[in-house]
Amino acid sequence: MSWFARIEEACAAFIEQTFARTFPSDLEPAHIARKLVSTMEARTTHEGDRAFAPSRYTVRVNSEDYDRLKPHQLYLEEEWAALLEDMARLVSITLSPPVVVRLREEAAIVAGAVEIDASAAEESAEPVVAKAADVLSAKTFCLRMVRGLPVDAVYPLKDQISIGRNKSNDIVLGDPRVSRQHARIEAQKDQATLVDLDSTNGTLIDGRKVSGRVPLHGGSVITLGNTSLRFEEVPS
């Protein structure tokens, strides 16, 4: 079986499993999925016996199409990224993690059309494993790992961070019970708020399941799957 035949067969199977039940029409998600794979193929370069492709993809659609897809945006972005990872693995293409797909609105694009931009992976934030005194003296808030991996990790909080299993998150948790895009924390000068992103297994704060936007307080323990992080206020 040829390289193109292998990737098309696998792509078709993935699209059928992922999008067919939720999106009966082939117009939007399935069409975009195929175009993403085609873009990855077109942008693949070769160095010796190794193949490399971009890891960042921006999907641009008309405002009308964007409004229709927006309620499912997080799900679609995750599944499109997973598709690219699977297709690259199938044919031994190297993608520098994290693979990220973003859906964007572009009024100038004709309704029903799709434009895709591809670029190399940007440098991503890595978790900091250290003692609080070493890294947090100038921080207002932080999260400290109290159950899970990496042990004793401390994550300074600035502005907005995402938490989940997908490598595109600011805090990446290798916990199978954590959703790919599980939760978001928005930190301001004197307050931080947690937002559960419709995670599969939910989010607990101090043992109570929460939904929507919930303010955090010093000492609160946030539990996602089998992982627990303590929210701490750090004197400036």
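All values derive from a computational prediction rather than experimental measurement.

The helix and strand tally for the protein chain stands at 5 helices and 18 strands. Looking at the protein chain as a whole, 45% of its 236 residues qualify as buried. Long-range pairs, those at least 24 residues apart, make up 58% of the contacts in the protein chain between residues at least 6 apart in sequence. As presented, the protein chain carries roughly 12600 Å² of accessible surface, and 48% of it is formed by carbon and sulfur atoms.

As for its position among the elements, P176 is in the loop between β11 (171-172) and β12 (183-187). The class for P176 is exposed, based on a relative accessible area of 72%. Distance in space between the C-alpha atoms of P176 and G164 is 10.0 Å, their sequence separation being 12 residues.

Here the focus is the sheet that holds strand β5 (residues 100-105). Strand order in this open sheet of 3 strands is β5-β3-β6, and the pairing throughout is mixed. The open sheet terminates on both sides in strands that have one partner only, identified here as β5 and β6 (114-119). Strand-to-strand twist in this sheet, taken as the mean axis angle between neighbours without regard to direction, amounts to 20°. Pairing analysis gives 6 bridges linking strand β3 (residues 56-61) to β6, with the strands arranged antiparallel. Residue pairing in the sheet places V61 in a bridge with V114 of β6.

If you trace the backbone, D65 turns up in helix α3 (residues 63-69). A distance of 2.6 Å separates the side chain of D65 from the backbone nitrogen of G112, its partner in a polar contact. D65 has contacts with E28, A111, G112 and A113, leaving out every residue within four places of it along the chain.

The first and last C-alpha atoms of helix α2 (residues 29-42) sit 20 Å apart over 14 residues, in line with the 20 Å expected at 1.5 Å per residue. Listed in full, the buried residues belonging to α2 are P29, A30, I32, A33, L36, V37, T39 and M40.

As a further point, take the confidence of the model for the protein chain. Summarising the model, the protein chain shows a mean pLDDT of 80, and 79% of its residues fall at 70 or more. The lowest-confidence element of the protein chain is helix α5 (residues 132-135), averaging 42 in pLDDT; the highest-confidence one is strand β17 (residues 221-224), averaging 96. Scored below 50 in pLDDT, residues 123-128 shows 7 contacts in the model against residues more than four places distant or in partner chains. In the model, residues 130-139 has pLDDT below 50 throughout and makes 17 contacts with residues more than four positions away in sequence or in other chains.

It is worth spelling out the nonpolar core at this point. A general trend in soluble globular proteins is that nonpolar side chains are found buried together. Grouped together as the largest cluster of nonpolar side chains are 28 residues, with contacts concentrated most on L36, M40, Y57 and V59. Of all the secondary-structure elements, those providing two or more residues to this core are α2, β2 (50-53), β3, α3, α4 (73-90), β4 (93-95), β5 and β6. No other element matches α4, which puts 7 residues into this core. The contacts of V59, once residues within four sequence positions are left out, are I32, L36, V101, R102, L103, R104, V114, E115 and I116. A153, I185, V210 and L229 belong to the second largest nonpolar core, which has 24 residues in total.

What follows covers α4. Its 18 residues place the ends of α4 26 Å apart at the C-alpha level, agreeing with the 26 Å of an ideal helix rising 1.5 Å per residue. Taken residue by residue, α4 has Q73, L76, E77, E78, E79, W80, A81, A82, L83, L84, M87 and A88 as its buried positions. At the exit of α4 stands S92, carrying a positive phi of roughly 60°.

Further remarks concern the packing of α2 against α4. For any two helices packed against each other, one specifies the inter-axial angle together with the distance between the axes. Taken N-terminus to C-terminus, the directions of α2 and α4 make an angle of 40°; their axes are 10 Å apart at the nearest point. As summarised for this structure, α2 and α4 are arranged oblique, according to the angle between their axes. Crossing of α2 over α4 shows right-handed handedness. Residues P29, I32, A33, L36, V37 and M40 of α2 form the contact with α4, whose own contacting residues are L76, W80, L83, L84, M87 and A88. Counted by class, the contact of α2 with α4 contains 12 nonpolar, no polar and no charged residues.

Reading the values: rules and limits
Residues numbered from 1 in each chain as written. Predicted model: local features only at pLDDT ≥ 70, side-chain atom pairs only at ≥ 80, totals over all residues. Heavy atoms only, no water. Helix = DSSP H or I, 4+ residues; strand = E, 2+ residues; numbered from the N terminus. Buried < 20%, exposed > 50% of the residue type's maximum accessible area, 1.4 Å probe, protein only. Contact = heavy atoms within 4.5 Å. Areas by Shrake-Rupley, 256 points an atom, 1.4 Å probe, with all protein chains shown as cover. Pairing = 2+ DSSP bridges. Axes fitted to C-alpha atoms, helices over the stretch in contact; angles between N-to-C directions. Polar contact = N/O pair within 3.5 Å; in protein donor to acceptor, adjacent residues only side chain to side chain. Expected span 1.5 Å × (residues − 1). pLDDT = per-residue confidence, 0-100. Core = buried A, V, L, I, M, F, W, Y, C linked by side-chain atoms within 4.5 Å. Parallel < 35°, antiparallel > 145°, perpendicular 65-115°, else oblique. Left-handed = near helix turned anticlockwise from the far one by under 90°. Nonpolar A, V, L, I, M, F, W, Y, C, P; charged D, E, K, R; others polar.

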